[in-house]
Amino acid sequence: MAKEKSDLIYGTLEMLVLKALQAGPRHGLGIADRIHLVSQDVLRVEQGSLYPALYRLESDGLVKAEWGVSENNRKARYYELTAAGRVRLTAEQAHWERIAGAVNLVMKRAGNIP
Amino acid sequence: MIFARLGSFVRRFTRVFRRRSSENSLSAELAAHLDALTDRHLAAGLSPADARNAALCEFGGVEQIKERCRDARGLPWLEYALRDFQFALRALVRSPGFTAIAISTVAIGIGLSTAQFSLMNTILLRTFPYPDGDKLVRVFGVSRTSDRLGLPPANFLDLKSSARSFTAISAFSMGEASFAEPGQPTDLVSGLSASADFLDALQVRPTLGRAFRSDEDQPGRPNVILLTDHFWRQRYGADPGVLGRTVRLDRQPYTIIGVLPASFESIGWGTVEYIRPLTIWPNFATDRKNAWFRCIARLAPGRSLGAAQSELTVIGRQLAAAYPQDNDGNGFRVAKAYGADVDSAAQSVHLLLTGLATLVLVVACVNLSGLQFARALVREREFAIRVALGASRSRLLCPLIVESLLVAFAGSGLGLLVGHVAATMIARHFQSIEASANHQVFLVPIDWHVAGFGIAAAIIAAVAFGLAPAWLAARRSTSAALKLTAQTITTSRTQHRIRGLLVLGQLALATVVMSTAAGVTVASHRLLARDPGWNLDGLYTCWLGLSGDRYSSEHAVLDFQRDLLERVRSLPGVEVAALGSALPNVYFGDPISAEIEGRPVAPRDKQPIVSSILVSADYFATLQIPVLRGAGFPREFPSGSPLVVIVNETMAQTFWPNENPIGKRLRFSATEPWRQVIGVVRDVRVFGSPVAPPSAFYVYRPLAQSPSSYFTCILRTSAAPGLLAPDVRRAVSAIDPDLPVRRAGSLRQIATESNSFPLLNKCLGLMAVISTGLAMLGVYAMLSQLAAQRTREFGVRIALGARPADIYNLVLRQGTILLAIGGTLGVGCSLAVSRLLHSVMAELEFPGLMFSLGFLAGLGLVTWLAACVPARRAARVDPVSALRAE
């Protein structure tokens, strides 16, 4: 499997994509923009890397895609979460919060104990 | 979870087969994304070209991303496999010559070996098709002269009461009987007489009616009979109403009590049409002389063959100690029941055929290896370029593996077909031979172990040698590989050596197959053509067996024989007629130990063994065996006249060297009177038998002094012997209308038809031709490839002044060296094989070293022809075009 860009924590891209789709269907560029915007310019997705992730999610039945017309009147393929995708997002998010919380705890306290 | 996985797999799987539409969709989507990015940069004020570039930078490498997308959504391994399959198929179709040769090579190798192994399995190795058939054993009597004798009734009864190794032990005898329904003419049928527990031992239940009751083999019980399935169908149209019907068997009334299942009939019994009880008469309890009981037994649970043999060895010793008169030196042998009747010569013939068939398989695999190796070598540069372009090792090897597997599997499939057809054909041929000898047809199921072995060998040969060059190419550095141009590739020393060894091996193995085949063929022709010491031609023969109350006295037998001889002598065309207990065309005489008067009495196991034959007057005249000294037997022996014998030349010279043997005396046991030698006849040989006779000494006794109720009638005639059959049948019927005439016909024809050498030679010839063809193909392919690779070098040589003849010789020399080494090895091996065969079949005289050398010369000629074509092509190289072609 391909490596993700260094400013993305490895393995989180799929979770981020699912989260970006939570509010509603988006096309590829829209997903990249959304992640970029919400992360306040910290997370920059290499645009191309998005697609292998999207195709993987689609093949796994977590998202479904349909051709539509974009805001600029161009043809674009819109991705939408499936029921399985929503379940997966919830699970991933809970998992992520536990891990991130634990990492935070370690980073804050581990240095203090003599 | 499982459903999600399954759904994912199905989605990915269907993607694989909708590649074009999903490929278009992928391109369109990525293009749309790029366009949208470009628009954004245009809007920010960049020029169209800069905007496009910026978008591409931001997006990343389009082709790489597409590749990752394809991996992400489909089933990459399946896509690769399909692509490899297409690629391999295309590669094979593009070189139809190679494909055809490779596939047919595999097919022939596998077909032939499978057919042969299947046949051998059927004849030698299979178990009886009865429940726990591998527990069934045969018990043979062993004496100094043979280890496949029957048992005398008393020994059998002792064995039955004392042996603990068996759950059942049963006696039977095979024979023929006249069979008739009331008021109908008699037919000759074959069947078994068996003790009452016979079917229990085999664990066979009748499909109709009942089996024998345990007392039905005792004297005084009503006569009952079981029919076999095929006889019941053929004779009675499978009518269940036959139960209870009365038929006449050897003139006695018998009641049909049951029908056996079809599975009862199998090879090993010969033709069986009925089973009747083998009546155990009271006098059997003391009969230790006549070893006519055949014995089959079922091993007790947990008893091995070895344990049973040890127990029987002990019982054998006890019997020998208790009855030294008849049993001294004798014992028992236990053998697996199936194939136990196949004698050692037949076994060694089967082993020979199987061994040679295996060699053919090896030659085929080696040939395939050579072909694959050569083909892969030619593509070495292609591999090098693909490695340079980034093909991973697995991507390089996979299509080749698939290609090799395709060849191996196509060849194997065809091979199984060939094997099946060949086995069926050989079995049918056997059948037509055996039918005349009254044996049963057998089916030859494909031996899947061997087929599997052959297929595995073919796959290994194809894959290993097809991959080796690619493997080497993948390891070589890119720059070194690319320096190889089409013209400068010359096979490396190692590669050349591998190639040479493969061809050498093929030549050696093919020489073994060929020269063994030729040796056996020549030896068998010599065997059939040599003077047997008697004249087979112009003889009519038939066998008669006198049984029943009518012939219970010796006088009745003698009267019948005298009457018969008188009647047949007067038949038109008959010159001379005789009777005998044996003919020198199959088994000649019963081995028996003899005591010579005037020589110190040797212990029983050191006494000379002689073959004893009972004959009437005129026996020697009829067979045209010259009487060297004394006279033949007279027609009449006045009562009270002394016992007389006639011996053969070798016997006379061995026991009475430089003496006149006439008047000397011998006897067969210490309790009987001496028998006087009244004549010496020339030695005879058993016609067409490859095995040495049990003894070189023959003693002929007059039938009139030792009446025998089973005998052959031989007539020498000036007309075609076969034409006498109806006359003889009429003569026999005139004396006894119920007596069947068996195995009647021209002796030459019977002897030739029952000889299996013609069939054997055909099989051997076929193998020889195939292995030679394969080896020649190997030589041709290797030299062609070699010559093609050296085209440029030859061009340079010619440009520098070499004559075409020099180039020609250069190529030819390669072939000659290989042939010299391979052929010599092969001839050496085949001489060893003939020696081995000779040790089993002593009567076969194999051709000597000169024959092998002459043979090698012939092989050289064929190899030379195979080498000529590429050599001539090489010699015709045009230096200018060879040097320019680059």
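Because the structure is predicted, anything quoted here is derived from the model rather than measured.

Novice: Describe in detail the overall build of chain B, supporting the description with residues and values.
Specialist: Per the secondary structure count, chain B includes 27 helices and 22 strands. Across the 886 residues that make up chain B, the buried fraction comes to 50%. Of the contacts formed within chain B by residues at least 6 apart in sequence, a portion of 82% connects residues at least 24 apart. When the accessible surface of chain B is summed, it comes to about 39900 Å², and 60% of that surface belongs to carbon and sulfur atoms.

Novice: Lay out helix H3 (residues 50-59) of chain A in plain terms, naming residues and giving numbers.
Specialist: Here H3(A) lies mainly inside the structure; 10 of its 10 residues are buried. Among the residues trailing H3(A), Gly61(A) stands out with phi positive, at a value near 80°.

Novice: Explain the nonpolar core to me, and be specific about the residues and the numbers.
Specialist: All names here are of chain B. Of all hydrophobic cores here, the largest spans 66 residues; its most connected members are Leu 507, Leu 764, Met 767 and Phe 794. Mapped onto this core, the elements with two or more residues apiece are helix H6 (96-125), helix H12 (344-378), helix H17 (493-529), helix H23 (757-789), helix H24 (791-799), helix H25 (804-840) and helix H26 (849-875). Residues contacting Phe 794, with those up to four places away along its chain left out, are Ala 787, Ile 807, Leu 810, Val 811, Ala 874 and Val 877.

Novice: So what's going on with the state of the cysteines? Which residues, and what values?
Specialist: All names here are of chain B. Tallied over the entire structure, the rule returns 0 disulfides over all chains. Left without a disulfide partner, Cys 542 is nearest to the cysteine sulfur of Cys 713, which lies 4.9 Å away. Note on Cys 542: relative accessible area 1%, which makes it buried.

Novice: Report on the packing of helix H18 (residues 554-569) of chain B against helix H21 (residues 725-735) of chain B, specifying residues and quantitative values.
Specialist: Residues and elements named next belong to chain B. Closest axis-to-axis distance for the H18/H21 pair is 10 Å, and the angle between their directions is 140°. Comparing their axes, H21 and H18 come out oblique. Taken as a pair, H18 and H21 cross one another with a handedness that is right-handed. Residues Phe 560, Asp 563, Leu 564, Arg 567 and Val 568 of H18 form the contact with H21, whose participating residues are Ala 731, Val 732, Ala 734 and Ile 735. For the contact of H18 with H21, the residue count by class is 7 nonpolar, no polar and 2 charged.

Novice: Account for unusual backbone geometry, naming residues and giving values.
Specialist: Residue and element names in this part refer to chain B. Phi is positive for Gln 203, which is not a glycine, with a value near 60°. One non-glycine residue, Ala 238, adopts positive backbone phi at about 55°. On the secondary structure map, Ala 238 appears in the loop between helix H9 (229-236) and strand E6 (246-249). For Ala 238, a relative accessible area of 25% puts it in the partly exposed group.

Novice: I'd like a description of the interface of chain A and chain B, backed by residues and values.
Specialist: At the interface, 21 residues of chain A touch 24 residues of chain B. Along the contact surface separating chain A from chain B lie 4 salt bridges. Along the contact surface separating chain A from chain B lie 6 residue pairs in polar contact (both at pLDDT 80 or more). When contributions to the side of chain A that touches chain B are tallied by element, the ones reaching two or more residues are helix H2 (28-38), H3 and strand E3 (75-81) of chain A. With 6 residues, the top contributor of residues to the side of chain A that touches chain B is H3(A).

Novice: Go over the sheet that holds strand E1 (residues 26-27) of chain A, please, and point to the residues and values.
Specialist: All names here are of chain A. With antiparallel pairing, 3 strands are arranged side by side in an open sheet as E1-E3-E2. Of all strands in the sheet, those with a lone pairing partner are E1 and strand E2 (63-69), marking the two edges. In terms of strand pairing, E2 meets E3 through 7 bridges, oriented antiparallel. Across the sheet, Val 63 pairs through a bridge with Leu 81, a residue of E3.

Novice: Let's hear about the packing of aromatic side chains: which residues, and what values?
Specialist: Using the criterion set out here, one finds 17 aromatic pairs over all chains in the structure. Relative to Trp292(B), the ring of Phe284(B) lies with its centre 5.8 Å away and its plane at 80°, an arrangement referred to as edge-to-face. The exposure class assigned to Phe284(B) is buried, which follows from its relative accessible area of 9%. Among the aromatic side chains, those forming a connected cluster through ring pairs are Phe588(B), Tyr619(B), Phe620(B), Tyr698(B) and Tyr700(B). The ring of Trp67(A) carries the charged tip of Lys75(A) above its face, separated from the ring centre by 4.7 Å. Positioned above the aromatic ring of Trp674(B) is the side chain of Arg667(B), whose terminal nitrogen or guanidinium carbon lies 4.0 Å from the ring centre.

Novice: Tell me about the side chain of Asp229(B), and please be specific about residues and values.
Specialist: Residues and elements named next belong to chain B. Mapped onto the elements of the fold, Asp 229 is located in helix H9. Judged by its relative accessible area of 10%, Asp 229 falls in the buried class. A distance of 2.9 Å separates the side chain of Asp 229 from the side chain of Arg 233, its partner in a polar contact.

Novice: I'd love a proper account of the environment of Val796(B), names of residues and values included.
Specialist: All names here are of chain B. Inspection of the secondary structure assignment puts Val 796 in helix H24. Using a relative accessible area of 34% as the deciding quantity, one classes Val 796 as partly exposed. Remark: the alpha-carbon pair of Val 796 and Ala 882, spanning 86 residues in sequence, is separated by 8.1 Å.

Novice: Can you tell me about helix H7 (residues 153-162) of chain B, naming the residues and giving the values?
Specialist: Taken together, the buried positions of H7(B) are occupied by Pro153(B), Ala154(B), Asn155(B), Phe156(B) and Leu159(B). Where the residues of H7(B) are buried, they touch strand E1 (136-142), strand E2 (166-180), strand E9 (294-299), helix H10 (305-322), helix H11 (324-327) and strand E10 (331-336) of chain B.

Novice: Describe the confidence of the model for chain B, naming the residues involved and giving the relevant values.
Specialist: Low-confidence regions, as indicated by low pLDDT, have predicted coordinates that should not be scrutinised in detail. Residue and element names in this part refer to chain B. Summarising the model, chain B shows a mean pLDDT of 83, and 91% of its residues fall at 70 or more. Below a pLDDT of 50 lies the segment residues 434-442, which in the model reaches 19 contacts outside its immediate sequence neighbourhood of four places, other chains included. This complex was scored by the predictor with a pTM of 0.68 and an ipTM of 0.83.

Novice: Kindly report on the pattern of salt bridges, identifying the contributing residues and their values.
Specialist: Summed over all chains, the structure comprises 37 salt bridges over all chains. Between Glu181(B) and Arg245(B) there is a salt bridge whose closest N-O contact spans 3.9 Å. Of this pair, Glu181(B) sits in the loop between E2 and strand E3 (187-194) while Arg245(B) sits in the loop between H9 and E6; the two residues are 64 residues apart in sequence, bridging distant segments of the chain. Arg245(B) gets classed as partly exposed once you look at its relative accessible area, which sits at 31%. Arg221(B) is the partner of Asp215(B) in a salt bridge, and the nearest nitrogen-oxygen pair spans 3.2 Å. It is possible to trace a salt-bridge network through shared partners that takes in Arg74(A), Asp35(B), Asp39(B) and Arg52(B).

Novice: Mind laying out the pairing of E3(A), listing which residues take part and the relevant values?
Specialist: Here 2 bridges tie E1(A) to E3(A), and the two strands are oriented antiparallel to one another. Bridge assignment links Arg26(A) to a residue of E3(A), and that residue is Tyr79(A).

Novice: Quick one: what's the story with a nonpolar patch on the surface, residue by residue and with numbers?
Specialist: Side chains of Leu6(B), Phe9(B), Val10(B), Phe13(B), Phe17(B), Trp77(B) and Leu82(B) sit close together on the surface and give an oily, nonpolar patch of about 690 Å² of accessible area. Broken down by secondary-structure element, the contributors of at least two residues to the nonpolar patch are helix H1 (2-17) and helix H5 (76-94) of chain B.

Novice: Report on the packing of H23(B) against H25(B), specifying residues and quantitative values.
Specialist: All names here are of chain B. Closest axis-to-axis distance for the H23/H25 pair is 10 Å, and the angle between their directions is 145°. Handedness of the H23/H25 crossing: right-handed. Facing H23, whose interface residues are Met 782, Leu 783 and Leu 786, H25 presents Val 811, Gln 814, Gly 815 and Leu 818. Per-class residue counts for the contact of H23 with H25 are 5 nonpolar, 2 polar and no charged.

About the thresholds
Note that residues are indexed from 1 along each chain, following the sequence as it is written. A letter from A marks each chain and a number from 1 marks each ligand, given out in the order of writing. pLDDT decides what is reported in this predicted model: residues at 70 or higher carry local features, side-chain atom pairs at 80 or more are listed and counted, and totals for whole chains, interfaces and linings draw on all residues regardless. Computation of side-chain values: all heavy atoms of the structure, hydrogens and water removed. Put simply, DSSP H or I for four residues or longer makes a helix, DSSP E for two residues or longer makes a strand, and each gets a number counted from the N terminus. The cut-offs for exposure are 20% and 50% of the maximum accessible area for each residue type, with area from a 1.4 Å probe on protein chains only; residues under the lower value are buried, those over the upper are exposed, and the others partly exposed. Contact between two residues is taken to exist if any of their heavy atoms lie within 4.5 Å; hydrogens are not considered. Computed with the Shrake-Rupley method and a 1.4 Å probe, the accessible areas treat only the protein chains shown as cover for residues. We call a set of buried Ala, Val, Leu, Ile, Met, Phe, Trp, Tyr and Cys residues a nonpolar core when their side-chain atoms join them within 4.5 Å. Pairs of cysteine sulfur atoms within 2.5 Å are identified as disulfides in what follows. To obtain each axis, a line is fitted to C-alpha atoms, and for helices this fit is confined to the stretch in contact; angles are then taken between N-to-C directions over 0 to 180 degrees. In this scheme, roughly parallel covers angles under 35 degrees and roughly antiparallel covers those over 145, while 65 to 115 is roughly perpendicular and the rest are oblique. Handedness of a crossing is defined here by the sense of rotation of the near helix relative to the far one, left-handed for an anticlockwise turn of less than a right angle and right-handed for a clockwise turn. Amino acid classes used here: Ala, Val, Leu, Ile, Met, Phe, Trp, Tyr, Cys and Pro are nonpolar; Asp, Glu, Lys and Arg are charged; the rest, including Gly, are polar. Every case where a carboxyl oxygen of Asp or Glu lies within 4 Å of a side-chain nitrogen of Lys or Arg is listed as a salt bridge. Counting of polar contacts relies on pairs of N or O atoms within 3.5 Å, with two restrictions inside protein: one atom must be capable of donating a hydrogen and the other of accepting it, and residues adjacent in sequence are counted only when both atoms are side-chain atoms. We call two strands paired when DSSP finds no fewer than two bridges between them. Here a Phe, Tyr or Trp ring, Trp counted by its six-membered ring, pairs with any other such ring whose centre lies within 6.5 Å, and the pair is stacked when the planes are under 30 degrees apart, edge-to-face when over 60, and tilted otherwise. A ring has a charge above it when a Lys NZ or an Arg CZ is no more than 6 Å from the ring centre and no more than 35 degrees off the ring normal. For every residue, the predictor assigns a confidence score, pLDDT, that lies between 0 and 100. Put simply, a patch holds well-exposed residues, over 30% relative accessible area, that have no salt bridge, with like charges counted together within 9 Å and Val, Leu, Ile, Met, Phe, Trp or Tyr side chains within 5 Å.

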